[in-house]
Amino acid sequence: MAAPRASLIDLSSLPTAQLNNVKNQLTQELQHLTTSFAQLKAAQGKFRDCGVSVRDGVGRDEGTPILVPLTPSLYVPGKLASTDVVLVDIGTGFYVEKTPPAAREFYSRKVEELGKNLLDLEKIVQGKQGNLGVVEDVLRQKVISESSNSGADGGT
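- Within an unreviewed UniProt entry, the label attached to the protein reads Subunit of tubulin prefoldin, and the organism entered is Imshaugia aleurites.
- Per UniProt, the comment on the protein under Sequence similarities (unreviewed entry) is "Belongs to the prefoldin subunit alpha family."

**Regarding the overall build of the protein**
Turning to step 1, where the next piece is worked out: A tally of helices and strands in the protein yields 2 helices and 4 strands.
Turning to step 2, where the next piece is worked out: When the helices and strands of the protein are read in sequence order from the N terminus, they spell out α-β-β-β-β-α.
Turning to step 3, where the next piece is worked out: In terms of overall dimensions, the protein is more spread out than a globule: its C-alpha atoms have a radius of gyration of 26 Å, far above the 15 Å expected for 156 residues.
Turning to step 4, where the next piece is worked out: With the C-alpha coordinates of the protein rotated into their principal frame, the extents come out at 90 × 35 × 20 Å.
Turning to step 5, where the next piece is worked out: The 156 residues of the protein split such that 19% are buried.
Turning to step 6, where the next piece is worked out: Sequence separation of 24 or more characterises 52% of the internal contacts of the protein that already satisfy a separation of 6 or more.
Turning to step 7, where the next piece is worked out: Only carbon and sulfur atoms are counted for the fraction: they give 57% of the accessible area of the protein, which is about 11,400 Å².

**A short note on the pattern of salt bridges**
Turning to step 1, where the next piece is worked out: Across all of its chains, the model carries 5 salt bridges by this definition.
Turning to step 2, where the next piece is worked out: Here Lys116 and Glu112 are joined by a salt bridge, their closest N and O atoms 3.6 Å apart. Taken together, the residues Lys116 and Glu112, both in helix α2 (residues 100-154) and 4 residues apart, mark about one turn of the helix.

**With respect to the side chain of Thr16**
Turning to step 1, where the next piece is worked out: Position of Thr16 among the secondary structure elements: in helix α1 (residues 16-58).
Turning to step 2, where the next piece is worked out: Non-local contacts of Thr16, meaning those with residues more than four positions away in its chain, are made with Leu139, Lys142, Val143 and Glu146.

**Side note on the packing of aromatic side chains**
Turning to step 1, where the next piece is worked out: Within the structure shown, the criterion is met by 2 aromatic pairs.
Turning to step 2, where the next piece is worked out: For the pair Phe47 and Tyr107, a centre-to-centre distance of 6.0 Å together with 40° between the ring planes defines the contact as tilted. You can see Phe47 sitting in helix α1 and its partner Tyr107 sitting in helix α2, a full 60 residues away along the chain.
Turning to step 3, where the next piece is worked out: Look at Phe106 and Tyr107: their rings are 5.4 Å apart centre to centre, the planes differ by 70°, and that puts the pair in the edge-to-face class. When sorted by exposure, Phe106 lands in the same class as Tyr107, which is buried.

Quick notes on the rules
In this numbering scheme, every chain counts its residues from 1 along its sequence in written order. Under the rules for a predicted model, residues below a pLDDT of 70 receive no local features and side-chain atom pairs below 80 are neither given nor counted, while totals for whole chains, interfaces and linings still include all residues. Computation of side-chain values: all heavy atoms of the structure, hydrogens and water removed. UniProt positions are given in the numbering used here, feature names are shortened, and annotations may be inferred rather than shown by experiment. A run of H or I in DSSP counts as a helix once it spans at least four residues, and a run of E counts as a strand once it spans at least two, with each numbered from the N terminus. Radius of gyration here uses only the C-alpha atoms, and the compact-globule reference equals 2.2 Å multiplied by the residue count raised to the power 0.38. In this scheme, a residue with accessible area under 20% of its type's maximum is buried, one over 50% is exposed, and one in between is partly exposed, where area comes from a 1.4 Å probe on protein chains only. For this analysis, residues touch if any pair of their heavy atoms sits within 4.5 Å. To be clear on the numbers: accessible area is Shrake-Rupley with a 1.4 Å probe, and residue cover counts the displayed protein chains and nothing else. For this analysis, a salt bridge means a side-chain nitrogen from Lys or Arg found within 4 Å of a carboxyl oxygen belonging to Asp or Glu. Stacked, edge-to-face and tilted labels apply to pairs of Phe, Tyr and Trp rings (six-membered ring for Trp) whose centres lie within 6.5 Å, assigned for plane angles under 30 degrees, over 60, and everything in between, in that order.

Shown next as structure tokens:
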């Protein structure tokens with residue numbers, strides 16, 4: 001299915017109420033995109049931390065006491081069972097055994113993918129911010145124009 005084609009609209013031809021609606025819609029989209037950006041950035045940090053954990057954990061001896069994360073804020077004591085394989089969370093609660101080099105490569109690839117997605121999203125956010133600025137400028141000009149017109153009409 002082909003993507004819908006964008007059509008250009010002369011913003012100065014829109015009534016003030018419609019410009020306000022466009023401004024509100026752009027503001028909501030920006031808030032959503034900004035939240036998504038923050039979540040992607042956090043996920044990238046978690047993948048980076050996982051790669052570091054695999055790197056640091058492999059140098060330890062079997063039986064070494066460690067803290068095992070159950071949730072982001074809850075850890076339980078445990079012992080390192082093996083340095084030959086690690087469990088890798090591949091998403092939606094699925095874990096796969098991998099060798100430490102394969103796990104580090106997996107996490108590096110995820111960090112790189114998210115970095116590319118963040119760059120793409122950043123470009124989209126900048127475009128939306130530019131659009132919002134244009135709409136706000138046109139709206140400001142319309143409001144000034146309308147208020148000066150109503151002031152001129154009311155004085156006669």
